[in-house]
Amino acid sequence: MFRFAIIFAAVLCAQDKPSGIGKPANAEKLRALDITVFPDGKGLPAGRGTAVAGKLVYKEKCAVCHGDHGEGREKQYGALKGGMGSLATAKPMKTVGSYWPYATTVWDYIHRAMPYEHPRSLSSDEVYAVTAFVLNINGIIPETLELNERTLPKVEMPNRNGFVPDARPDIRSKR
Amino acid sequence: MKCLRGTSWLKQSRIYGVNQSRRSLIAIGAGLLGASCEKPKAPSETGGTMRAYGERAPAEKIVRTVREATASAGSGSSRTPLQDLYGTITPSSLHFERHHSGVPALDSSTHEVTVHGLVERPLVFSMEALRRFPSVSRTHFLECAGNGAGEQQGNPAPDLQRSHGLLSCTEWTGVPLKLVLAEAGLKPEAKWMIAEGADAARMARSIPIAKALDDALLAYGQNGEALRPEQGYPVRLLLPGWEGNVNVKWLHRLLLAAEPAWSAKETGSYTDLMADGKSQIFTFEMEARSVITFPSGGQKMGGGAGAYEVSGLAWSGRGKIESVEVSTDGGRTWAKAELQAPVLSKSLTRFRHAWQWDGKEAWIQSRCVDETGYLQPTREELVGARGLNSVYHYHAIKAWRVAADGSVNHV
């Protein structure tokens, strides 16, 4: 019997059989908890907004830190626009417009982390609208383009192909 | 004497709640003895009282340097005073911090970690549930990817705290992440794990599944007690040897996915911009690095020419430190430093080197090799390969200048 128990335990381990720790996740709670948006649009909720609408939301909730036109304020409140063509120069300017590879990341970040003092207080429509505004001041989309869960993933960001995998160790040191 | 003892015992018995009738009896007895007792003439030579939670000696003043990054409190960094620490372990109260949206006040009795996405069984773990898994304790350094960005750009900090202080080393206790993931059952398509914190900004990073199944921990213990709030209480992800930012604090969700999320903190920041305008992404390991902690910037070699011990720290995110060399002549000659045992993988290693200082100006520096054979580069070699704007993962040799009067400055 004892030997049988040992074999049984070994089989359990080998099969990665769960030990019963933890409880099943509630599907409804999971939907509320899961805020991750992927580049292909997975995770985006239904909603819509244009830069025209976004300008009003931005003025009320974002401009105090990022400036009236997304120009930023001091080093800590980074500019949201500009810097195109600067990445290979001595003074690169990394902004949403010049640096970020995916528009979905803009939506995800505004939704999860902004406004800084009250994150996740914007409605989905407001997030689409502010995202459209930020992309528009960078000249990436026209003012009237409606962003929604289908059009946002199709927006092509200027630095889309600017990222390469980790190439390290890339330094050959000499003694 | 008997009288004093009686009195103090009485005080203690009250504190510890001796039952009422017995306490009364002792009080009467003490009172009787006390009546025939004189107070001692000299003050007591016994020491101070005990403390329920210890504190350092009042004269010890070393602190972190705190820098708020925004007008709202809680977003910024604080740096460890490495130049004033002994050995290899950082006290929890001096561990460096980097927060992107303040330190949340989380309740460990209600906090949960949810594992979902490409798993057979989406599961929720309370802290009590996480502590049911087999636990391990391991000593690992944590270093912010941006530790030393100013050095790269030619703006060296005047002292070690400001040049290298986004580095600490702690004994972490927790459950191997692979056990938790096995409980949920990974689907074969699960190649990435997106870890998210419960801080206001829900800071999130994408982690390759191989690391999650290797030496990753869900850590709830730090130097023998619960994590400090600023280190992720009640539970954080710990990815030994990897840049600080991926060690997500206040961990509340692990999403298994086929692709990375390309989150803001893995694209807009924590990517290494090269001179050609391309950026390296998903650069996780912290490369081999060493620095002299004594004598270092702002310190003084007060005793004039003679014997000194040069001491410092070496570490690598790729494993153990193999060797450290010290130069006291500006890099012309190098001598092997003594490594303090045990040399642990992905941990701080203390090195020492006996130096006979001749009392003249000297440039001192250290360089290390890790167990993969990687040699810590010079700044020129690093800048040659990556340019001046990669910002993150700077790890070049650091030199200090000792002046003839014994003062030490940055170079």
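Since we're looking at a predicted model, the values are computed, not measured.

Reading the values: rules and limits
Residues numbered from 1 in each chain as written. Chains lettered and ligands numbered in written order. Predicted model: local features only at pLDDT ≥ 70, side-chain atom pairs only at ≥ 80, totals over all residues. Heavy atoms only, no water. Helix = DSSP H or I, 4+ residues; strand = E, 2+ residues; numbered from the N terminus. Buried < 20%, exposed > 50% of the residue type's maximum accessible area, 1.4 Å probe, protein only. Contact = heavy atoms within 4.5 Å. Areas by Shrake-Rupley, 256 points an atom, 1.4 Å probe, with all protein chains shown as cover. Pairing = 2+ DSSP bridges. Core = buried A, V, L, I, M, F, W, Y, C linked by side-chain atoms within 4.5 Å. Axes fitted to C-alpha atoms, helices over the stretch in contact; angles between N-to-C directions. Parallel < 35°, antiparallel > 145°, perpendicular 65-115°, else oblique. Nonpolar A, V, L, I, M, F, W, Y, C, P; charged D, E, K, R; others polar. Polar contact = N/O pair within 3.5 Å; in protein donor to acceptor, adjacent residues only side chain to side chain. Arc of directions from axis to C-beta. Expected span 1.5 Å × (residues − 1). Buried area = accessible area lost by both parts, 1.4 Å probe. Salt bridge = Lys/Arg side-chain N within 4 Å of Asp/Glu carboxyl O. Phe/Tyr/Trp six-rings, centres within 6.5 Å; stacked < 30°, edge-to-face > 60°. Lys NZ or Arg CZ within 6 Å of the ring centre and 35° of its normal.

Caption draft 1: Representation of the overall build of chain B in the model. Check the secondary structure of chain B and you find nine helices and 24 strands. When burial is assessed residue by residue, chain B has 56% of its 411 residues classed as buried. Contacts in chain B between residues far apart in sequence, at least 24 positions, make up 71% of those at least 6 positions apart. Surface accessibility of chain B: about 17600 Å² in total, with carbon and sulfur atoms responsible for 54%.

Caption draft 2: Structural view of the sheet that holds strand S4 (residues 163-165) of chain A. In space, the three strands of this open sheet follow the order S4(A)-S15(B)-S14(B), with mixed pairing throughout. The open sheet is flanked by S4 of chain A together with strand S14 (272-273) of chain B, the only strands paired with a single partner. The pairing of S14(B) with strand S15 (residues 279-281) of chain B spans two bridges and is antiparallel. Counterpart to B:Asp272 in the pairing with S15(B) is B:Gln280.

Caption draft 3: View of the nonpolar core. In this structure, B:Leu130, B:Leu177, B:Met193, B:Leu218 and B:Leu237 are the most contacted members of the largest nonpolar core, which totals 75 residues. For this core, the element with the most residues is helix H6 (residues 124-137) of chain A, which contributes seven residues. Apart from residues no more than four positions distant in its own chain, B:Leu237 is found in contact with B:Leu177, B:Met193, B:Ala195, B:Ile207, B:Leu217, B:Leu218, B:Val246, B:Asn247, B:Val248 and B:Leu251. The next biggest cluster of nonpolar side chains, apart from the first, holds 34 residues, and it includes A:Ile171, B:Leu160, B:Ala314 and B:Phe351.

Caption draft 4: Molecular detail of the sheet that holds strand S3 (residues 97-99) of chain B. All names here are of chain B. Sheet architecture is open: three strands sit in the order S1-S2-S3, paired in antiparallel fashion. Unpaired on one side and paired on the other, strand S1 (65-68) and S3 mark the two borders of the sheet. Taking the axes of each pair of neighbouring strands and ignoring which way they run, one obtains an average angle of 5° across the sheet. Direction of pairing for strand S2 (residues 76-79) relative to S3: antiparallel, over a ladder of three bridges.

Caption draft 5: Region of interest: the packing of helix H3 (residues 51-61) of chain A against H6(A). Residues and elements named next belong to chain A. Running from amino to carboxyl end, H3 crosses H6 at an angle of 95°, the nearest separation of the two axes being 7 Å. On the basis of the axis angle, H3 is roughly perpendicular to H6. Listed contacts from H6 to Ala51, Ala53, Gly54, Lys55, Val57, Tyr58 and Lys61 of H3 are Glu126, Ala129, Val130, Ala132, Phe133 and Asn136. Considered class by class, the residues forming the contact of H3 with H6 number eight nonpolar, two polar and three charged.

Caption draft 6: Fine view of the side chain of B:Asn147. All names here are of chain B. As for its placement among the helices and strands, asparagine 147 is situated in the loop between strand S6 (136-143) and helix H4 (149-152). By relative accessible area, asparagine 147 is classed as buried at 0%. A polar side-chain atom of asparagine 147 sits 3.0 Å from a polar atom in the side chain of glutamate 143. Not counting residues within four places of it along the chain, the set of residues in contact with asparagine 147 comprises Arg79, Ser163, His164, Gly165, Leu166, Leu167, Arg289 and Tyr394.

Caption draft 7: Highlighting H3(A). All names here are of chain A. Residues Ala51, Gly54, Val57 and Tyr58 constitute the buried set of H3. All buried residues of H3 fall inside an arc of 115° around its axis, so they share one side. Along H3, exposed side chains directed more than 90 degrees from the buried face belong to Leu56, Lys59 and Glu60. Residues of H3 that are buried make contact with helix H4 (63-66) and H6.

Caption draft 8: Fine view of the environment of B:Ala195. Mapped onto the fold, B:Ala195 is located in strand S8 (residues 192-197). Residue contacts for B:Ala195: discarding those within four places in its chain leaves B:Met203, B:Ala204, B:Arg205, B:Leu237, B:Val248, B:Leu251, B:Arg253 and B:Leu254.

Caption draft 9: Spotlight on the pairing of strand S21 (residues 349-357) of chain B. Residue and element names in this part refer to chain B. As judged from the nine bridges shared by strand S17 (residues 306-315) and S21, these two strands associate in the antiparallel manner. When the sheet's bridge partners are listed, glycine 306 is paired in S21 with tryptophan 357. Pairing geometry for strand S20 (residues 338-339) and S21, over two bridges, is antiparallel. Residue pairing in the sheet places glutamate 338 in a bridge with arginine 352 of S21.

Caption draft 10: Spatial organisation of H6(A). For H6(A), built from 14 residues, the straight-helix expectation of 20 Å at 1.5 Å per residue is met to within 8% by its first-to-last C-alpha distance of 20 Å. Where H6(A) is concerned, the buried positions are A:Val127, A:Tyr128, A:Ala129, A:Val130, A:Thr131, A:Ala132, A:Phe133, A:Val134 and A:Leu135.

Caption draft 11: Region of interest: the interface of chain A and chain B. Taken residue by residue, the interface counts 52 residues in chain A and 74 residues in chain B. Interface area, chain A with chain B, both sides summed: about 5100 Å², of which 54% is carbon and sulfur. On the chain A side of the contact with chain B, A:Ile21, A:Tyr116 and A:Arg168 bury the most area, a combined 15% of that side's loss. At the boundary of chain A and chain B, one finds six salt bridges. Across the pair B:Glu112 and A:Lys23 runs a salt bridge, and its minimum N-O distance is 3.2 Å. Counting across the interface, chain A meets chain B through 28 residue pairs in polar contact (both at pLDDT 80 or more). Looking at the side of chain A that touches chain B, the elements with two or more residues in it are strand S1 (23-24), helix H2 (27-33), helix H5 (103-113) and S4 of chain A. It is H5(A) that provides the largest number of residues to the side of chain A that touches chain B, a total of four residues. Class assignment for the residues of the side of chain A that touches chain B results in 29 nonpolar, ten polar and 13 charged.

Caption draft 12: Fine view of the pairing of strand S9 (residues 204-208) of chain B. All names here are of chain B. Buried residues dominate S9, accounting for four of its five residues. As defined by bridge partners, S8 adjoins S9 across five bridges and the pair is classed as antiparallel. Paired with methionine 193 across the two strands is isoleucine 207, which belongs to S9. Counting the residues between successive antiparallel strands, the hairpin from S8 to S9 contains six residues, one of them, arginine 202, with a positive phi of roughly 45°.

Caption draft 13: Expanded view of the pattern of salt bridges. Tallying each qualifying case throughout the model produces 28 salt bridges over all chains. With a shortest N-O distance of 2.8 Å, B:Glu196 and A:Arg112 are connected by a salt bridge. In this pair, B:Glu196 is assigned in strand S8 and A:Arg112 in helix H5, connecting two distinct chains. Take B:Glu196 and A:Arg112: they sit in the same class, and that class is buried. For the salt bridge of A:Arg150 with A:Glu149, the shortest nitrogen-to-oxygen distance reads 3.4 Å. Look at the salt bridges and you will find they share partners, linking A:Asp166, A:Arg168, A:Asp170, B:Glu285, B:Glu287, B:Arg318 and B:Arg386 into a network.

Caption draft 14: Structural context of the packing of aromatic side chains. Within the structure shown, the criterion is met by 13 aromatic pairs over all chains. Seen from their ring centres, A:Tyr102 and B:Trp262 are 5.0 Å apart, and the 75° between their planes marks the pair as edge-to-face. Remark: B:Trp262 occurs in the loop between strand S13 (251-257) and helix H8 (264-267) and A:Tyr102 occurs in the loop between H4 and H5; the pair is interchain, linking two chains. Taking the relative accessible area as the measure of exposure, B:Trp262 reaches 16% and is therefore buried. Judged by centre distance (5.3 Å) and plane angle (55°), the rings of A:Trp107 and A:Tyr128 are tilted. On the criterion of sequence distance, the pair formed by A:Trp107 in helix H5 and A:Tyr128 in helix H6 is long-range, its members being 21 residues apart. For the residue pair A:Trp107 and A:Tyr128, the accessibility class agrees, reading buried in each case. Clustering of aromatic rings is evident, with ring pairs tying together A:Tyr102, B:Trp192, B:Trp242, B:Trp262, B:Phe282 and B:Phe284. Here the basic side chain of B:Arg131 rests over the ring of B:Tyr220, its NZ or CZ set 5.9 Å away from the ring centre.

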